[in-house]
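Observations on the three-dimensional arrangement
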Amino acid sequence: MISMEVDQVDGQSNTSTLGKCLDELKYSRLIHTLGRESVESLRGSKALIFGCRGLGAEIAKNLVLSGIGGIGLVDDGAISMLDLGANFLLQEGDVGQNRALCTAKLLRDLNPDASVEVIPYFDAEAYLKNYNVVIATHGTIPFLVHLNQVCRSCSIPFITSCARGVFASVFADFGDQFLVKDETGETPGNVVIESITQDFPATVTVVEEQRLGLADGDEVVFHGIRGMEELNESGPVTVSVTGSYSFTILIDTRKFGRYTSGGYFHKVKASKTVKFLPLEAALLAPKFGVYNPEKLQHIPDIHVAFQAVDAFERINRPESLFSNPIAIKDDEIEDILLLARQAARETTIATGSECTTMVRGFSDEKQNATGLILKVDQQVNGIDPEAYGEMSNGQNKDNNILSDEQIAEADKNIGQVKTKCAEIDENLIKVVALGAHVELCPIVAITGGVAAQEAIKAVTGVFMPLNQWLYVDAIECLPPSAPGFQERSASGSRYDSQLALFGRNLQEKLGYGQWLVVGAGGIGCEVMKNLVLMGIGCSPNGSIIVTDMDNVSKPNMTNQILYQVDDLGRSKTPSASRALRRINPAAQVRALHVKFGSETENIFDSSFFDSISGVFSAVDTSSSRLYLDARCVAYRKPMIDGGKHGTRGSVQVFIPYLSEMYASTRDPPEHKEIPICTLKNFPYATEHTLQWAVEIFETLFKQRPDDVNAYLSNRDFQESIKKSTTPARQNILEMLRDALVKYRPLSFDACVEWARLQFEDLFSNSIKQICYNFPVDMKTTAGAPFWSGTKRLPRALSFDPEDLLHMDFIVAAANLQATVYGLKGCQDQRHFMQILEKFQVPEFKPKEGVKIAVSDTEIRSTTQGNASATGQSYDAGSPSDILRELPAPATLVGYRLSSIDFDKDDEKNFHSEFVHATANLRAQNYGIHLSDKLQARLVGGKAIPSIVTADAVVGGLMCLEVYKILQEKPLEDCRHSYFNLSLPMFVSARPIKAVENTVNMIMYGKSLLYAEFFPKKRMQERMPFTLLELVHNVGKVTVPMTENKLILSLTCTDANDLDVEVPDLIARVR
């Protein structure tokens, strides 16, 4: 037996992730999506993939970037030019070489930590037991049935996936008893307890600000309870929900201490065992996941069509398992339809509680698993078992027979039969057959993302697996009528797959298109990879313009396919451009390292928008989308927008004149707003302490230097702050005095002393003041305890240099202070200890008259005094007194502080360390659960949970819309798409048609050019003028000869005579 390690082929050693510590920064977004335990499971797992054409390579790419420990590739086929249209890992120089070997070489570069093994086909079965999941993208149905049986005998989850033109399938079989550890993957939140009764059963009430999130029979775990501490040790407890904010537990709390305050509970994640049918049975009694609900009736026909095509190919194309498929000719369609009809006569549609089920009728006798297999075997007289695939090893056909248990299980899935599927949609079968030999790049991306996510579920037990079939259907992308023979005939190019479906004319349109891609992150990389595989912008007069101002960082290595280790620290767009030209040397890529925003409108001006075909929006904030949308609407360009959050994704398409624009509807807020008072004085959850820590970072190391620099450089600074409220002005002046007079460091030692004072102020003095203002026994005006519900009684911390968390804060704060003032930092613990031992912290005594807000209303209504970081206000001297203490800007000419922007992806800048330490010290103040450094990194940097599988699906869905736009398809053929791979769930909707509004007024600048209330005579006078003349005559403005467009503001009303917001109108005048 021969096993070829790719690294051995290259003369290097092949390393494994086993035994290596998890690189938390690199996998941070993935941990944010799957959880640390799942990522560790992935790193210790291996996947075996049969087939390395486009779909196999896509699945392998997704798994490797997701951190899987090893990949095995099985493909004995030779590379053809056709492979280059879907497999982005291959190059023209690879044509004629082994597909698996060439795929593996570049696959290894995507993640050097993953082992990549190439296994000859005849050895593959012997290697199965070394792998945790098997994915097959090549093979006849008998071969796949046998492979599935072997996997079942070894308790190995099995997935098979196939892409045929604008259709694709994914099938999953994880065995008879697959344990789903976590259906959703979402971390259960801590819910704050308000009271617990001494009773049996005991009633637990939560504060009204919290969602209960429980159902009868759920289990919860208590912690942090004061008074009734016995519940903290009770372990999981079953609940019965009694109201929106209460539930009971079958525990006799009459023996326990009386509940006094505090405490949380969290829901225990319940595992679930799922039973799968083997492929043999599932072909007879399929359970369908729904890709597009409006095409539900097509699924049985596609299921039949895929089997009919497979049967036809086995009869008429008995070539090697891994050879490229041959196109089905028009005169062969009748044979396909005959096979499909045979299957349809045995097919019924059934209803079930979980999903639509299509089953073949069972006889009293055991039948062959695939009805079509039996039919074809009878037609192929005396066929050798080798025709089923070499892995059958000449075994008896009885191995393909259903057992009594399997038939019984299939019977359960039938449900109540509704109707015989006596007829098939022959047109749909024909469409499937004619494109069956094609791997279309966007379809491959979508299907590869789904299949890879199922493989991740198989090895981690996280998220609900597919049950059991999913068919992808993008028939609306196809031309209204099939291109003629000359239009779709192969030319020996990498685009022959597209030619077969869309014809030469559309391929030329793709080539000379010029598309702007805004954002070169996970989605942007997937989109651009697809674009060059499709040939978009790959003609001499075409182009892909990509703009992104970010640099490549470690976390990008897990979901952004165009970057490798050598690109770390470099600008994203030039790195992406180089990778795209490697995928397709004809790619015309223009890389811009700028932000797409109002400050770059001189770059992305009217002439730029005139030159492009459309825009791909791959940004990650709604504000960026709104700006991009406004520009696209103004210049009448289509925009295809993609977004993602963990395993969820969305794609929306906006077409000028046809659909509503993005701004017509608003996305929900990206981040939950936390009340200011809760954040500053009364936190009760981990997210509160983290957000507070981020705000402290921004105040000390971003806002403070910015204000100092403004004071030193802006002559009008003092006048500008007079416009601020008294508390805000007082706060700014106090901060300036501290930064330039009281605590301006001249050495690193002074930075350490400043950090020590910050510790005392944030975690001791302010807490003492709160407890002084609101004593432990204080009552509200209603007579209830003040410290109850969400208000947790805090305790002040005493600094301890032996406490690692205390020192983490000091080290991080001191080094950040040094960075702000341009001083050299230090991490020598002994040096810190020497300074801290000598430094005397002033004694603090709570003050009378200090105001501490107990509600947001109080904070907003404060009109005097200084509002500190804790929301406390006190008299710190008049503004005029403080101004006299400040040095005049003229005495500090050229002196500037360095402002720090939080960088979540730098391991040595102390940003995450500061937020982590600050948040956890705050948590210790209030008895809140501590967070880890990864949480600090993600919250501080507003990081979005990411996984490459979702990026791949979004990228594929976005590129499908290009086919429709270039064919000028009706709006009804376009699709907004939404999915959640963790469920899995797919939903699509047609874009909303644009609404016609009535124009009431037209303005150019401040000049009113038209208004519906104008007298008739004035309108008659103005009608003969051109817009240029009207602007000149009415607005007294001469438009420069270099300007060929005017921007006009409109006011409009809808059909109900209600005012509506509309974008500015850009009118071409020359």
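Here we summarise the structure given alongside this text.

Analysis parameters
Residue positions are counted from 1 within each chain, in the order its sequence is given. This being a predicted model, a pLDDT of at least 70 is required before a residue's local features are given, and a value of 80 or more before pairs of side-chain atoms are given or counted; all residues contribute to the totals for chains, interfaces and linings. Heavy atoms from the whole structure form the basis of all side-chain values; hydrogens and water molecules are not counted. A run of H or I in DSSP counts as a helix once it spans at least four residues, and a run of E counts as a strand once it spans at least two, with each numbered from the N terminus. Note on exposure labels: buried denotes an accessible area under 20% of the residue type's maximum, exposed denotes more than 50%, and partly exposed covers the range between, all computed with a 1.4 Å probe on protein chains only. Contacts between residues were defined by any pair of non-hydrogen atoms, one from each residue, lying within 4.5 Å. Method for areas: the Shrake-Rupley scheme with a 1.4 Å probe, in which residue coverage is limited to the protein chains shown. By definition here, a salt bridge exists when the distance from a side-chain nitrogen of Lys or Arg to a carboxyl oxygen of Asp or Glu is within 4 Å. Axes, fitted as lines to C-alpha atoms, cover a helix only where it is in contact. Angles between the N-to-C directions of the axes lie from 0 to 180 degrees. Working rule for angles: under 35 degrees goes down as roughly parallel, over 145 as roughly antiparallel, 65 to 115 as roughly perpendicular, anything else as oblique. Gly falls in the polar group here, along with every residue not listed as nonpolar (Ala, Val, Leu, Ile, Met, Phe, Trp, Tyr, Cys, Pro) or charged (Asp, Glu, Lys, Arg). For patch building, the residue pool is restricted to those with more than 30% relative accessible area and no salt bridge; the joining distance is 9 Å between like charges and 5 Å between nonpolar side chains (Val, Leu, Ile, Met, Phe, Trp, Tyr). The aromatic pairing rule takes the rings of Phe, Tyr and Trp, using the six-membered ring of Trp, and pairs them if the centres are within 6.5 Å, calling planes under 30 degrees apart stacked, those over 60 edge-to-face and the rest tilted. Whether a charge lies above a ring is judged from NZ of Lys or CZ of Arg, which has to be within 6 Å of the ring centre and within 35 degrees of the ring normal. Paired strands are those between which DSSP finds at least two bridges.

Moving on to the overall build of the protein chain. Looking only at helices and strands, the protein chain features 35 helices and 36 strands. Put simply, the protein chain has 1070 residues, and 54% of those count as buried. Contacts in the protein chain between residues at least 24 apart in sequence constitute 74% of all its contacts with a sequence separation of at least 6. Entry remark: accessible area of the protein chain is about 45,600 Å², with carbon and sulfur atoms responsible for 50%.

The next subject is the pattern of salt bridges. A full pass over the atoms with the stated rule returns 49 salt bridges. A salt bridge links Asp610 to Lys1045; its shortest N-O distance comes to 2.7 Å. One end of the pair, Asp610, is in helix α20 (residues 606-611); the other, Lys1045, is in strand β34 (residues 1045-1053), with 435 residues separating them in the sequence. What makes Asp610 partly exposed here is its relative accessible area of 36%. On the basis of relative accessibility, which here comes to 10%, the residue Lys1045 falls in the buried class. One salt bridge connects Glu734 with Arg737, and the closest N-O pair in it is separated by 2.0 Å. Here Glu734 pairs with Arg737, and both are found in helix α25 (residues 726-742), just three residues apart, close to one helical turn.

Where helix α23 (residues 686-713) contacts α25, the two axes come as close as 10 Å, and the packing angle between them is 90°. Taken together, the axes of α23 and α25 lie roughly perpendicular to each other. Across the interface between the two elements, Arg704, Asp707, Val708, Tyr711 and Leu712 of α23 pack against Ile732, Met735, Leu736, Ala739 and Leu740 of α25. For the contact of α23 with α25, a count of residues per class yields eight nonpolar, no polar and two charged.

Looking at the element boundaries, Ala579 is found in helix α19 (residues 572-583). C-alpha of Ala579 to C-alpha of Lys529: the two residues are 50 residues apart in sequence and 8.8 Å apart in space.

On to a nonpolar patch on the surface, then. There is a patch of nonpolar side chains on the surface, built from Tyr978, Leu983, Met985 and Val987 and spanning about 300 Å² of accessible area. One can find Tyr978 in strand β30 (residues 976-980).

Once that is clear, we can look at the packing of aromatic side chains. Within this structure, the stated rule accounts for 40 aromatic pairs. Ring centres of Phe697 and Phe902 lie 5.3 Å apart, and the angle between their planes is 80°; this geometry places the pair in the edge-to-face category. Taken as a pair, Phe697 in helix α23 and Phe902 in the loop between α30 (879-885) and α31 (911-926) lie far apart in primary sequence, 205 residues in all. For Phe902, a relative accessible area of 15% puts it in the buried group. Across from the ring centre of Phe682, 5.2 Å away, lies the NZ or CZ of Lys791, which sits over that ring.

As a further point, take the pairing of strand β10 (residues 202-206). Residues of β10 alternate between two faces, with Ala202, Val204 and Val206 buried on one and Thr203 and Thr205 left unburied on the opposite face. As defined by bridge partners, strand β9 (residues 191-196) adjoins β10 across three bridges and the pair is classed as antiparallel. Its bridge partner lying in β10, Ile196 is registered against Val204. Here β9 folds back onto β10 in antiparallel fashion, the turn holding five residues.

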